[in-house]
Amino acid sequence: MINWHEKLSPMVKKVPWSGIRKYFDLVSEMKGVVSLGVGEPDFVTPWHIREACIYSLEKGYTMYTSNWGLLELREEIARYLYNTYKVIYEPRNEVLITVGVSEGMDLALRAVTAPGDEVLVPEPCYVSYAPCTSMAGGVPVSIPASAENDFRVTAAQIEEKITPRTKALILSYPNNPTGAVISREELMEIAKVVKKHDLIVISDEIYHNLTYEGKHTCFASLPAMRSRTILLNGFSKAYAMTGWRLGYACGHPDVIGHMTKIHQYTMLCAPVTAQMAALEALQNGTEEMAKMVAEYDRRRKLVLKGFCEIGLECFEPKGAFYAFPSIKNTGMTSEEFAEKLLLEAKVAVVPGNVFGANGEGHIRCSYAASVADLTEAIERMGIFLQKYTGEQNKAAAASG
Amino acid sequence: MTLDKKDREILEILQDNSRLKPEQIAVMLGLEIREIEKRIKALEEDKIIVKYHTLINWENAGEEVVSALIEVKVAPQRGAGFDKVAERIYRFPEVKSVYLMSGRYDLSVLIEGKTMKEVALFVSTKLATIEDVHSTATHFVLKKYKQEGIILEDGEKDRRLVISP
Ligand SMILES: Cc1ncc(COP(=O)(O)O)c(C=O)c1O
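Numbers given for residues are sequential positions, taken from 1 along each chain in its written order. As a convention, the first chain written is A and the first ligand written is 1, with the rest following in written order. For a predicted model such as this one, the threshold for reporting local features is a pLDDT of at least 70, and the threshold for listing and counting side-chain atom pairs is 80 or more; totals across whole chains, interfaces and linings nevertheless cover every residue. As a convention, hydrogens and water are excluded, and side-chain values are obtained from all of the structure's heavy atoms.

### A few points about the sheet that holds strand 4 (residues 133–140) of chain B
Paired through their backbone hydrogen bonds, the strands of a sheet run either parallel or antiparallel.
Residues and elements named next belong to chain B.
Inference 1: Strand pairing follows a simple DSSP-based rule, namely that at least 2 bridges must link the two strands. Secondary structure elements are defined from DSSP: runs of H or I of at least 4 residues count as helices, runs of E of at least 2 residues count as strands, and each element is numbered from the N terminus. What the four strands build is an open sheet, ordered 2-3-1-4; its pairing is antiparallel. Of all strands in the sheet, those bounded by a partner on one side alone are strand 2 (95–100) and strand 4. Across the sheet, the axes of successive neighbouring strands diverge by a mean angle of 20°, strand direction being ignored.
Inference 2: Should any heavy atoms of two residues lie within 4.5 Å, those residues are considered in contact. Note on geometry: axes are C-alpha line fits, over the in-contact stretch for helices, and angles between N-to-C directions span 0 to 180 degrees. Along the sheet, helix 4 (residues 83–90) contacts strand 1 (66–74), strand 2, strand 3 (107–113) and strand 4; its crossing angle with strand 2, the most-contacted strand, is approximately 165°.

### Some remarks on the pairing of strand 2 (residues 95–98) of chain A
Residues and elements named next belong to chain A.
Inference 1: Alternating positions in strand 2 separate into two faces, Val-95 and Ile-97 on one and Leu-96 and Thr-98 on the other, with burial throughout.
Inference 2: The pairing of strand 2 with strand 8 (residues 247–250) spans four bridges and is classified as antiparallel. If you follow Leu-96 over to strand 8, its bridge partner there is Ala-249. A 1.4 Å probe rolled over the protein chains alone gives each residue an accessible area, and that area as a share of the maximum for its type sets the label: buried under 20%, exposed over 50%, partly exposed in between.

### Considering the interface of chain B and chain A
Inference 1: In this assembly, 16 residues from chain B lie in contact with 29 residues from chain A.
Inference 2: Contact with chain A buries area across many residues of chain B, yet Arg-160, Ile-163 and Pro-165 of chain B alone supply 39% of it, more than any other trio.
Inference 3: Take a side-chain nitrogen of Lys or Arg and a carboxyl oxygen of Asp or Glu: if they are within 4 Å of each other, that pair is a salt bridge. If you look at where chain B meets chain A, you find two salt bridges.
Inference 4: The salt bridge involving Glu-12 of chain B is made with Arg-298 of chain A; its shortest N-O contact spans 3.7 Å.
Inference 5: Residues adjacent in sequence count toward polar contacts only when both atoms are side-chain atoms; beyond that, a polar contact is any pair of N or O atoms within 3.5 Å, and within protein one must be able to donate a hydrogen and the other to accept it. If you look at where chain B meets chain A, you find eleven residue pairs in polar contact (both at pLDDT 80 or more).
Inference 6: Of all the elements in the fold, those that place two or more residues in the side of chain B that touches chain A are helix 1 (5–16) and helix 2 (22–29) of chain B.
Inference 7: Here the element with the most residues in the side of chain B that touches chain A is helix 2 of chain B; it accounts for four residues.
Inference 8: Its residues assigned to classes, the side of chain B that touches chain A comprises nine nonpolar, three polar and four charged. A simple way to read buried area is as the amount of 1.4 Å-probe accessible surface that goes missing from two parts once joined, with both sides added. Ten residues, namely Ala, Val, Leu, Ile, Met, Phe, Trp, Tyr, Cys and Pro, are considered nonpolar, four, namely Asp, Glu, Lys and Arg, are considered charged, and the remaining ones, Gly among them, are considered polar.

### Examining the site of the ligand
Inference 1: By convention in this text, a residue qualifies as near a molecule or strand provided that one of its non-hydrogen atoms is within 4 Å of it. Not every one of the 15 residues close to the ligand is listed here, only the nearest: Val-101, Ser-102, Asp-204, Ser-236 and Lys-237 of chain A.
Inference 2: Proximal residues around the ligand fall on chains A and B, making this an inter-chain site.
Inference 3: Here Asp-204 of chain A contributes a side-chain N or O atom positioned 2.6 Å from a nitrogen atom of the ligand.
Inference 4: In the complex, 96% of the free accessible area of the ligand, which totals 400 Å², lies under the protein chains.
Inference 5: Examining the composition of the shell around the ligand, we find that three residues originate from one element, helix 6 (residues 100–112) of chain A, more than from any other.
Inference 6: Its residues placed into classes, the shell around the ligand shows six nonpolar, six polar and three charged. Accessibility throughout is a Shrake-Rupley quantity obtained with a 1.4 Å probe, and a residue counts as covered only by protein chains that appear here.

### Describing the domain arrangement of chain A
All names here are of chain A.
Inference 1: An automatic or database domain assignment supplies the residue ranges for each domain. Looking at the assigned domains, one finds that chain A contains domain 1 (4–45 + 287–385) and domain 2 (62–284).
Inference 2: A straight line from the C-alpha centre of domain 1 to that of domain 2 covers 24 Å.
Inference 3: The partner domain 2 presents 35 residues to the 34 residues of domain 1 that form the contact.
Inference 4: The interface formed by domain 1 and domain 2 includes two salt bridges.
Inference 5: Along the contact surface separating domain 1 from domain 2 lie 15 residue pairs in polar contact (both at pLDDT 80 or more).
Inference 6: Only helix 12 (286–309) and strand 9 (322–323) provide two or more residues apiece to the side of domain 1 that touches domain 2.
Inference 7: Broken down by element, the side of domain 1 that touches domain 2 gets its largest block of residues, six residues, from helix 12.
Inference 8: Its residues assigned to classes, the side of domain 1 that touches domain 2 comprises 20 nonpolar, eight polar and six charged.

### Some remarks on helix 10 (residues 253–266) of chain A
Residues and elements named next belong to chain A.
Inference 1: The terminal C-alpha atoms of helix 10 lie 19 Å apart, and with 14 residues this matches the ideal 20 Å at 1.5 Å per residue to within 8%.
Inference 2: Looking only at helix 10, the buried set comprises Val-255, Ile-256, Met-259, Thr-260, Ile-262 and His-263. Across the axial projection of helix 10, the buried residues extend over an arc of 165°, all falling on one side. Projecting away from the buried face of helix 10 at angles above 90 degrees are the exposed residues Asp-254 and Tyr-265.
Inference 3: With its phi angle positive at about 65°, Leu-268 sits one or two positions after the end of helix 10. Given the number of residues in a helix, its expected span is that number minus one, multiplied by 1.5 Å. Note that the arc is computed from the directions linking the helix axis to the C-beta atoms.

### Side note on the pairing of strand 1 of chain B
Residue and element names in this part refer to chain B.
Inference 1: Of all the nine residues making up strand 1, seven are buried; the element is thus mostly covered by neighbouring parts of the structure.
Inference 2: Pairing of strand 1 with strand 3 involves seven bridges; the strand directions are antiparallel. Along strand 3, the bridge assignment pairs Leu-69 with Leu-110.
Inference 3: Two elements, strand 1 and strand 4, share seven bridges in a ladder whose sense is antiparallel. Within the sheet, the bridge partner assigned to Val-74 lies in strand 4 and is Val-133.

### As for the domain arrangement of chain B
Inference 1: Partitioning chain B into structural domains gives domain 1 (5–45) and domain 2 (66–143).
Inference 2: For domain 1 of chain B and domain 2 of chain B, the distance between their C-alpha centroids amounts to 36 Å.

Right, here's the structure in full:
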């Protein structure tokens with residue numbers, strides 16, 4: 001019999017499974033669960049986008065596209081980024097269509113990482129950054145953003161971790177899992193450090209349209225940052241197109257070219273059907289998107305108020321569709337809390353530590369759910385909290 | 001009454017779900033509960049909010065409901081136009097909606113009853129006999145797919161994984 005364990009790549013073996021899997025297995029066996037654990041919109045892709053895709057299939061768009069993606073789509077993306085952020089990208093060699101931001105992140109990291117290069121990863125953050133860095137041969141260096149600063153990383157924290165081996169910095173605002181956004185001024189400070197130490201920035205701005213207060217700043221739009229930024233974005237969140245698997249990467253022709261080299265051998269091109277749909281989304285999708293964004297914003301306020309009323313301490317998330325409340329007053333770890341909440345109150349959330357060690361003591365609650373579900377979940381959580389914070393207080397009183 | 005952005009938002013929220021309480025709407029829009037109540041009251045008084053109703057799929061309850069769309073051609077009256085005839089028609093409780101139409105006919109009348117016979121009888125004895133009604137053409141509804149913006153068949157269910165990153 002073959003011993004796969006001996007044969008498998010040690011590098012991949014070292015990468016841990018995402019902590020989310022465990023809850024997924026647990027949840028899938030249960031009935032009557034209200035889930036705040038979903039990292040994707042509860043809307044279905046707007047019909048006009050689906051319809052455009054169906055039409056493209058009828059017309060016979062079933063072939064490979066250029067490695068870079070459909071030129072028309074790249075042009076549309078360039079136009080969109082210029083109109084929104086005044087950053088100029090040449091569609092021919094500075095825009096690459098990818099299979100989601102997921103592929104974009106992988107390509108970016110592989111294109112720039114030499115063995116042993118360090119990549120700065122502010123945490124909590126999306127689950128793929130550190131594993132993709134490791135699999136690219138790099139060394140992820142975590143920067144714990146502090147809860148006191150609403151989990152926004154600071155220029156000083158970044159500078160502290162810079163070594164001669166530091167190659168790149170990953171930024172991700174609006175943030176999954178915290179819902180934090182970052183101001184232009186804070187980004188300017190970070191840009192100074194980036195410039196001083198000659199770093200590359202990989203900026204995952206997939207939630208940029210889901211910014212509820214203030215305006216999103218595209219990192220590449222900051223002075224002198226365009227040339228050293230790999231901008232990653234996609235259609236998953238704003239247009240409710242997660243399953244289509246489509247994103248894009250923009251940046252200096254040298255690095256986008258390098259990424260395209262990997263992409264041409266590993267992916268060839270992004271699916272043409274999704275590219276046709278994305279074209280429709282950019283050309284005619286603004287109105288429906290705005291409606292979805294307005295709806296998220298209302299739910300955001302509802303959830304925040306609800307959490308406050310049941311005594312769940314939470315800073316105000318101003319982007320994405322997550323809230324990241326603290327559960328420290330229960331005395332439980334994030335994992336204990338999430339598991340108990342699931343088994344006893346039938347509410348699914350994601351423990352914060354899954355997104356980085358400093359997410360410990362928090363849970364991620366997605367408000368991409370109906371108002372009815374959100375209300376029900378908050379009610380259940382309230383009863384649950386009463387039981388456990390009550391016990392905690394009793395214990396404290398007894399020992400004090 | 002001229003609507004502002006908040007009024008419009010309140011209307012959109014209520015149109016989608018009229019059971020939301022003023023407390024919830026207040027939180028969603030960042031306004032005081034009093035303010036929401038005041039605005040809703042004004043919208044009701046101005047007949048912008050006409051009624052809070054419930055969309056019921058009687059078929060799912062196993063109840064037989066027969067509906068028919070009647071094309072009605074009428075002779076407009078001097079001074080009153082179509083309004084007088086329309087009024088004669090919409091007063092009947094069997095009549096669920098009446099629209100004045102452009103094109104081949106004048107009034108589109110939706111009628112509901114328990115049986116086909118009942119509806120047909122209503123048309124022939126009550127509707128067709130109204131003075132100024134020239135002719136009627138009755139189209140029975142065979143199946144309702146979508147009503148008031150809601151797809152009745154196989155309402156799209158949540159197909160997402162329960163947990164995802
Ligand atoms: C911050 C962040 N980046 C990237 C992704 C993956 O996006 P895509 O569907 O474009 O691969 C997600 C999905 O949850 C995300 O939250």
